[in-house]
Amino acid sequence: REDDGTATEAAAPEDEVIEMLEDAGDVLPEALRRPQRGEAPHYPQDVVIGALGRGSAPDTAYRLARNILTALLSNEETEVLSGLAPLQTEEIARILEPVSPTKFRIGGGNVEPDGSASFLFRFIGREQSAAGELYVRVTEGGTWVFDDILLEDAQDAPGKAEPYPYDFTPYERFF
């Protein structure tokens, strides 16, 4: 937050991708780091929600969705969350409490047939994560507003499962 009390805007996913690729150093070949002429940018994938980035949704809808998730992550009452009913707020708090999220990922922006936009997201904690879908709609004045949110119950973080979940067939055991 800035000194005047306004929330600072989170980094764009393109900035996060560039930072991740710069950190990769010599691990990734140059051909994988930079798109070829006429090729779309390479965005990372999330194992739960799929491709990161705004997808086909408008940029203003994407920025609003990021602001909503930032407010939920910081557990602050802000204007962007004014569309949440008190019961929804309690349910979201109940789901996020065991997760103790430290960050979120957003992607999968799609424009719905009614003109609204939906975004897949995931809150990530140390031991667990919770995924969901966020809906924003455009008003007659052209302003995007919060519409609805669906949040699944917390799950163990990917990769935290048994170290060897593969059950060998009898043939492979003796081979």
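These figures come from a predicted structure and were not determined experimentally. (Residues numbered from 1 in each chain as written. Predicted model: local features only at pLDDT ≥ 70, side-chain atom pairs only at ≥ 80, totals over all residues. Heavy atoms only, no water.)

**Side note on the packing of aromatic side chains**
- The final tally for this structure, using the stated rule, is 3 aromatic pairs.
- Relative to phenylalanine 119, the ring of tyrosine 62 has its centre 6.0 Å away and its plane inclined at 55°; by these criteria the two rings are tilted. Here tyrosine 62, found in helix 3 (residues 59-74), pairs with phenylalanine 119, found in strand 4 (residues 117-124); they are 57 residues apart in sequence, far enough to count as distant.
- Residue tyrosine 62 is classed as buried on the basis of its relative accessible area, which comes to 3%.
- Accessibility expressed as a relative area gives 0% for phenylalanine 119, which makes it buried.
- On the numbers, 6.3 Å between centres and 65° between planes, the contact of phenylalanine 104 with phenylalanine 123 is edge-to-face. Of this pair, phenylalanine 104 sits in strand 3 (residues 103-111) while phenylalanine 123 sits in strand 4, and the two are 19 residues apart along the sequence.
- Through a chain of ring-to-ring contacts, the aromatic side chains of Phe104, Phe121 and Phe123 assemble into a single cluster. (Phe/Tyr/Trp six-rings, centres within 6.5 Å; stacked < 30°, edge-to-face > 60°. Helix = DSSP H or I, 4+ residues; strand = E, 2+ residues; numbered from the N terminus. Buried < 20%, exposed > 50% of the residue type's maximum accessible area, 1.4 Å probe, protein only.)

**Digging into the pattern of salt bridges**
- Under the criterion given, the structure shown has 4 salt bridges.
- For arginine 63, the salt bridge goes to aspartate 59, with nearest N and O atoms at 3.0 Å. Pair noted here: arginine 63 and aspartate 59 are both in helix 3, with a separation of 4 residues, about one helical turn.
- When the shortest N-O distance is used, the salt bridge between glutamate 91 and arginine 94 registers 2.6 Å. One end of the pair, glutamate 91, and the other, arginine 94, are both in helix 4 (residues 86-99), 3 residues apart, so they sit about a helical turn from each other.
- Accessibility expressed as a relative area gives 44% for arginine 94, which makes it partly exposed.
- One salt-bridge network, in which partners are shared between bridges, spans Glu91, Arg94 and Asp153. (Salt bridge = Lys/Arg side-chain N within 4 Å of Asp/Glu carboxyl O.)

**Some points on unusual backbone geometry**
- Here the phi dihedral of serine 100 falls at roughly 45°; this positive angle occurs in a residue that is not glycine.
- Residue placement: serine 100 occurs in the loop between helix 4 and strand 3.
- Taking relative accessible area as the criterion, serine 100 reaches 47% and is therefore assigned partly exposed.

**Re the pairing of strand 3**
- For strand 3 and strand 4, the ladder comprises 7 bridges, and the chain directions are antiparallel. Each bridged residue has a counterpart across the sheet, and for valine 111 the counterpart in strand 4 is alanine 117.
- Connecting the antiparallel pair strand 3 and strand 4 is a turn made up of 5 residues, with glycine 115 showing a positive phi of about 95°. (Pairing = 2+ DSSP bridges.)

**Side note on the nonpolar core**
- With 28 residues, the main nonpolar core has Leu72 and Phe119 as its most contacted residues.
- Those elements giving two or more residues to this core turn out to be helix 3, helix 4, strand 3, strand 4, strand 5 (128-138) and strand 6 (144-151).
- In terms of residue count, the dominant contributor to this core is helix 3 (8 residues). (Core = buried A, V, L, I, M, F, W, Y, C linked by side-chain atoms within 4.5 Å.)

**Quick notes on the confidence of the model for the protein chain**
- Averaged over the protein chain, the pLDDT score is 76; the fraction of residues at 70 or greater is 64%.
- Predicted confidence is poor over residues 1-9, with pLDDT under 50, and the contacts of this stretch with residues over four places away or in other chains come to 5 contacts. (pLDDT = per-residue confidence, 0-100. Contact = heavy atoms within 4.5 Å.)

**Considerations on helix 4**
- With 14 residues, helix 4 should reach 20 Å at 1.5 Å per residue; the first-to-last C-alpha distance of 20 Å fits that figure.
- Residues of helix 4 that are buried in the fold lie against helix 3, strand 4, strand 5 and strand 6.
- Serine 100 sits one or two positions beyond helix 4 and adopts a positive phi of about 45°. (Expected span 1.5 Å × (residues − 1).)

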